[in-house]
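Architecture at a glance
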Amino acid sequence: MVAPAIPRLTDPQLYSHGDPHATWARLRGDCPVSWHDEPDHEPFWAVTTYAEGLPVLSDYNRFSSAQGTFLRPNLSAPYPGAGVMMTLADPPRHDVLRKVAATLFTPKAVAGFRDRAQLVSRSLLDRVIDAGTHDFVNDVSGPYPLQVIAGLLGVAGDDVERVAGFAGSAVDNIVDLDGTRAQEAHLEVLAYYADVIEERRLRPTDDVVSAFVRAQAAGVDITDDEIILTCDNLAVAAGETTRQVLGNGLLALLDNPAELAALRTGAVTQRSAVEELVRWTTPVSHLMRTAVADTLVGDVEIKAGQAVSVWLASLNRDESVFERPMELQLNRSPNRHVSFGGGRHFCIGAPLARVMIGVFLEELLSSVARIERAGEPQRKPSYVTNSLETMPMAFHSH
Ligand code: HEM
């Protein structure tokens with residue numbers, strides 16, 4: 001019998017104009033742990049099933065985050081922030097940084113963001129309701145998360161746009177062949193936060209910079225570079241993901257009018273709707289780890305140093321875990337999606353993301369009576385995030 005051909009996963013067209021879910025479904029069925037030696041890309045493993053993928057994310061002793069957590073063409077080249085930034089560090093270093101960052105995400109702190117999320121949602125929606133066609137990505141979902149958490153990041157006023165710009169270019173350029181533009185974006189962030197650190201040493205607030213500066217003063221071994229990279233990490237992690245749930249989630253609700261109606265009437269709870277929209281949209285398409293030693297994934301032998309990508313978007317549609325995974329079911333229960341990852345690096349901002357998404361939906365549905373598509377959305381050709389480039393919409397109050 002001839003082995004089935006392995007489909008390409010790094011083709012940008014697949015994500016801008018194709019159907020990646022069909023490709024991932026083929027891989028789940030034919031070859032859950034597959035080797036990809038594709039044009040213009042260093043080779044890597046792809047894991048597409050839940051049973052094989054989750055252990056890769058959870059077992060940091062076998063699979064390290066310190067060489068990068070997303071695929072990129074030049075995998076063997078050094079990556080900015082590797083081993084230093086929280087998300088790119090393994091325990092025990094990771095534990096030190098995570099413990100400090102966790103102080104910002106207590107249930108009380110997260111609940112405190114509700115009012116701010118409401119205020120920002122209302123002000124962004126006010127500008128586009130009954131105002132003709134707008135671009136939901138640029139006008140609403142893009143600015144929303146960073147405006148909500150600007151205070152947490154230690155960013156004030158006009159600087160929100162600047163930091164949002166750094167975050168955007170950092171993500172766009174993750175797959176940049178020589179990494180130059182990504183590094184430039186990082187340098188701008190470094191310069192920006194270097195000033196904020198000095199300021200917070202003198203006048204601490206309740207933001208992330210102050211939390212790290214305080215920990216540093218109390219003897220925790222953290223350098224200024226680590227503080228800066230962690231701030232950068234938060235801006236990218238929060239901004240580029242939450243917006244995708246809003247955009248892609250809204251499109252999914254429009255494609256499923258009965259589900260949208262159930263949400264409007266309260267027939268499904270907001271809590272379960274948020275979870276299903278996060279599963280459905282899977283903002284981070286894959287995560288990468290590097291094998292520390294020769295090991296097995298499922299029954300496939302992996303060599304030390306090889307890149308192993310876990311396709312969260314595929315795990316979230318795994319037929320052996322989710323009943324009718326290709327259907328949007330806002331009341332899905334249980335819903336053990338992996339959109340927030342798994343193991344030690346599980347998204348630290350997940351509770352905050354849930355609040356932001358829930359509040360936004362509440363405000364949208366209470367102020368917009370009719371939601372109209374005003375053109376075809378454009379997708380980014382990205383294998384890292386499930387991203388919309390533009391999404392023309394019209395919101396009507398009656
Ligand atoms: C729907 C929205 C979000 C999604 C889908 C998401 C997804 C993820 C995923 C998949 C990871 C795991 C990375 C890995 O294992 O390598 C992660 C980690 C992280 N997320 Fe989120 N995220 C979201 C929102 C947020 C928000 C709002 C914040 C902060 C305010 C945030 C901050 C972080 C940080 C700092 C990490 C690194 C944690 C660590 O390395 O220990 N995320 N996120």
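This text goes with the structure placed above it.
A brief look at the structure comes next.

Conventions adopted
Residues numbered from 1 in each chain as written. Predicted model: local features only at pLDDT ≥ 70, side-chain atom pairs only at ≥ 80, totals over all residues. Heavy atoms only, no water. Helix = DSSP H or I, 4+ residues; strand = E, 2+ residues; numbered from the N terminus. Rg over C-alpha atoms; globule rule 2.2 N^0.38 Å. Buried < 20%, exposed > 50% of the residue type's maximum accessible area, 1.4 Å probe, protein only. Pairing = 2+ DSSP bridges. Donors = N, O, S within 2.8 Å, 3.2 Å for Na, K, Ca; no water. Contact = heavy atoms within 4.5 Å. Phe/Tyr/Trp six-rings, centres within 6.5 Å; stacked < 30°, edge-to-face > 60°. Lys NZ or Arg CZ within 6 Å of the ring centre and 35° of its normal. Core = buried A, V, L, I, M, F, W, Y, C linked by side-chain atoms within 4.5 Å. Arc of directions from axis to C-beta.

With that out of the way, let us pick up the overall build of the protein. A tally of helices and strands in the protein yields 16 helices and twelve strands. Here the C-alpha radius of gyration of the protein, 21 Å, is about what a compact globule of 398 residues would show, namely 21 Å. Along the first, second and third principal axes, the C-alpha set of the protein runs to 60 × 55 × 35 Å. When the 398 residues of the protein are sorted by exposure, 55% land in the buried category.

With respect to the helices and strands, alanine 191 occurs in helix H10 (residues 180–202). On a C-alpha basis, the gap between alanine 191 and isoleucine 228 in space is 9.0 Å, while along the polypeptide they are 37 residues apart.

Every second residue of strand E8 (residues 307–310) is oriented toward a common face, with Ala307 and Ser309 on one face and Val308 and Val310 on the other, all of them buried. Bridge count for strand E2 (residues 44–47) against E8 is three bridges, and the pairing is parallel. If you follow valine 47 over to E8, its bridge partner there is valine 310. Both strand E5 (residues 287–291) and E8 contribute to a ladder of four bridges, which runs antiparallel. Residue pairing for E8: arginine 289 is matched across the bridge by valine 308.

With that settled, the discussion passes to the coordination of the iron atom of the ligand. Geometry reference: four tetrahedral donors at a metal, ideal angle 109.5 degrees. Six octahedral donors, ideal angles 90 or 180 degrees. No protein donor other than Cys347 (SG) coordinates the iron atom of the ligand, and that contact is at 2.3 Å. Residue position: cysteine 347 is located in the loop between helix H15 (312–315) and helix H16 (350–367).

Note that phenylalanine 340 resides in the loop between H15 and H16. Taking the C-alpha atoms as reference points, phenylalanine 340 and aspartate 195, 145 residues apart in sequence, are found 32 Å from one another. Excluding residues within four positions of it along the chain, phenylalanine 340 makes contact with Glu275, Val278, Phe346, Cys347, Ala350, Ala353 and Arg354.

This next bit is on the packing of aromatic side chains. What the rule picks out here adds up to nine aromatic pairs. Judged by centre distance (5.3 Å) and plane angle (55°), the ring pair of tyrosine 144 and phenylalanine 360 falls under tilted. With tyrosine 144 in helix H8 (residues 143–153) and phenylalanine 360 in helix H16, this pair connects stretches of sequence that are 216 residues apart. The same class applies to tyrosine 144 and to phenylalanine 360, which are both buried. Every member of this aromatic cluster is reached through a ring pair, and the members are Phe136, Tyr144, Phe360 and Phe395. In this structure, arginine 279 packs its charged tip against the face of phenylalanine 322, placed 5.4 Å from the ring centre. Of note, arginine 317 hangs over the ring of tryptophan 280, and the distance from its end group to the ring centre comes to 3.9 Å.

For the rest of this paragraph, the subject is the nonpolar core. Counting residues in hydrophobic clusters, the biggest one holds 82 residues, and the most contacted among them are Phe136, Tyr144, Ile149, Tyr193, Leu364 and Phe395. Of the residues forming this core, the biggest block, 13 residues, is contributed by helix H12 (residues 224–255). Apart from residues no more than four positions distant in its own chain, tyrosine 193 is found in contact with Leu153, Val155, Val209, Ile228, Cys231 and Asp232. In this structure, Val47, Val284, Ile302 and Val308 belong to the second largest nonpolar core, which totals 18 residues.

It is worth spelling out helix H4 (residues 93–102) at this point. Along an α-helix, a turn takes 3.6 residues, which lines up residues three or four apart on a common side. Taken together, the buried positions of H4 are occupied by His94, Leu97, Val100 and Ala101. Down the axis, H4 shows its buried residues gathered within 140° of arc, on one side only. Buried residues belonging to H4 abut helix H11 (208–217) and H12.

Looking now at H8. Most of H8 sits inside the fold, with ten of its eleven residues counted as buried. Buried within H8 are the following residues: Pro143, Tyr144, Pro145, Leu146, Gln147, Val148, Ile149, Ala150, Leu152 and Leu153. Just downstream of H8, glycine 154 is the residue with a positive phi angle, here 80°.

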